[in-house]
Amino acid sequence: MGSRVCRRGRGPAGHSQRRADSAHGLHQQSSKRQTIGHQALTEARNMKLPPFLLVLLLGVSLFIGSCNSKHDTDKHELEVHAGAKPKPAPVAAPPALGDTLRLLAQQLDTVRRLGCWDEDFARLMSVHHAGAQRLAAVEVASGKDSTLRALAQHVLKGHERDNHVLTLALTRQPPAGQEYRPGNARDPFVRRITAALAPLRQPPPLPGTVDADFATLMQVHHQTGVALAQTELAFGKDAEVRNAARQIVRDEQAEIKQYQRWLKTHAATPIP
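Residues numbered from 1 in each chain as written. Predicted model: local features only at pLDDT ≥ 70, side-chain atom pairs only at ≥ 80, totals over all residues. Heavy atoms only, no water.

Brief notes about the pattern of salt bridges
Under the defined criterion, the tally for this structure stands at four salt bridges. The partner of Arg102 in a salt bridge is Asp99, and the shortest N-O contact between them spans 2.6 Å. With Arg102 and Asp99 both in helix α3 (residues 97-109), this residue pair falls three residues apart, about one helical turn. Here Arg161 ties to Asp251 by a salt bridge, and the two come within 2.9 Å at their closest N and O atoms. A residue pair is termed long-range when its members are at least 10 positions apart, and Arg161 in helix α5 (residues 146-171) and Asp251 in helix α8 (residues 239-265) qualify at 90 residues. Note on Arg161: relative accessible area 41%, which makes it partly exposed. What makes Asp251 partly exposed here is its relative accessible area of 22%. Through salt bridges that share partners, Arg161, Asp162 and Asp251 make up one connected network. (Salt bridge = Lys/Arg side-chain N within 4 Å of Asp/Glu carboxyl O. Helix = DSSP H or I, 4+ residues; strand = E, 2+ residues; numbered from the N terminus. Buried < 20%, exposed > 50% of the residue type's maximum accessible area, 1.4 Å probe, protein only.)

Structural notes on the side chain of Asp145
Tracing the chain through its elements places Asp145 in the loop between α4 (117-142) and α5. At 8.2 Å, Arg149 is the nearest oppositely charged side chain to Asp145, a buried residue that forms no salt bridge. (Lys, Arg positive; Asp, Glu negative; His and termini not counted.)

Quick word on the packing of α3 against helix α7 (residues 210-235)
Remark: α3 packs on α7, axes separated minimally by 9 Å, with the N-to-C direction vectors making an angle of 20°. Relative to α7, the element α3 lies roughly parallel. Seen along the crossing, α3 lies across α7 with a hand that is right-handed. In this structure, α3 uses Leu97, Gly98, Leu101 and Leu104 to contact α7, whose residues at the interface are Val210, Asp213, Phe214, Leu217, Val220 and His221. (Axes fitted to C-alpha atoms, helices over the stretch in contact; angles between N-to-C directions. Parallel < 35°, antiparallel > 145°, perpendicular 65-115°, else oblique. Left-handed = near helix turned anticlockwise from the far one by under 90°. Contact = heavy atoms within 4.5 Å.)

Regarding the packing of α4 against α7
Packing of α4 against α7 brings their axes to within 10 Å, and their N-to-C directions diverge by 165°. It follows from the interaxial angle that α4 and α7 lie roughly antiparallel. The handedness of the crossing between α4 and α7 is left-handed.

Re the nonpolar core
Phe121, Leu200, Phe214 and Tyr259 are the most contacted members of the largest nonpolar core, which has 45 residues in total. Listed by contribution, the elements that provide at least two residues to this core are α3, α4, α5, α6 (188-197), α7 and α8. Ranked by the residues each element gives to this core, the list is headed by α7, at ten residues. The residues touching Phe121, leaving out its near neighbours within four places in the chain, are Leu166, Leu228, Ala229, Glu232, Val241 and Ala245. (Core = buried A, V, L, I, M, F, W, Y, C linked by side-chain atoms within 4.5 Å.)

Points about the confidence of the model for the protein
Looking at the protein as a whole, its pLDDT mean stands at 75, while 62% of the residues score no less than 70. Here residues 47-82 is a poorly scored stretch, pLDDT under 50, and it has 24 contacts once near neighbours within four places are set aside; other chains count. Low confidence marks residues 268-272, where pLDDT is under 50. Its contacts with residues over four positions away, or in another chain, come to four contacts. (pLDDT = per-residue confidence, 0-100.)

A short note on the packing of aromatic side chains
In this structure the tally under the stated criterion is four aromatic pairs. Relative to Phe189, the ring of Tyr180 has its centre 4.6 Å away and its plane inclined at 50°; by these criteria the two rings are tilted. Accessibility classification places Tyr180 together with Phe189 in one group, the buried group. Ring plane angle 85° and centroid distance 5.3 Å describe the contact between Phe189 and Phe235, whose orientation is recorded as edge-to-face. On the criterion of sequence distance, the pair formed by Phe189 in helix α6 and Phe235 in helix α7 is long-range, its members being 46 residues apart. Residues Phe189 and Phe235 agree in their burial class; the two are buried. Aromatic ring contacts, followed pair by pair, group Trp117, Tyr180, Phe189 and Phe235 into a single cluster. (Phe/Tyr/Trp six-rings, centres within 6.5 Å; stacked < 30°, edge-to-face > 60°.)

Laid out in structure tokens, this is it:
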């Protein structure tokens, strides 16, 4: 059997030695602070300064000594632990896109509804757009396909434009009284909204790559967005909000076709 070789800093003996070195260093730093304070006080007395200046000067001297002491302590600790190599930070995996869609469905459930068609559509669509922006951000950061990355950038910019109009709608005074009852499941507006958002609760199986998952989930997202905007067109009265809804229908229907074409083209591509 080979003989064991003890190394400094390994095991209980090494720890004890480091503690002893630290204690000795701290004792020297304390003595250094005391010396600085006494020197400053002696010099001030020789200059015959007023008492309050003596106190102030002593405090400043001790503060400077304390700062120098902290620097010495930090340097000492670095020297003691110089042998310890930091562990590399773990590489974060891209967030699961399927979880992002489920989170969107939960957030839409918590949106406060006032019973006003235009205002409630604007609230719901703002949150719905934010879900698409989260999906697009993952594609931009982790996707590999240039076509889908360009579509994701378009989603980020287009939804920002729509949200500006929707936010302005929410700043206006809503009409007096309720146009519908949010808690009434049989109300036509409530039924249309519920049906429009239902696909978010049961997303389809995902292919398994960031690009293919993004294209699949954006189809679902945009289909629910189109249905939501068509509900506003059927019930809403505000001209600006209705124009925004028409734009959303046109944009998202066109993008759905692009995602469908991409998925059809890449259907035979094996998943690595």
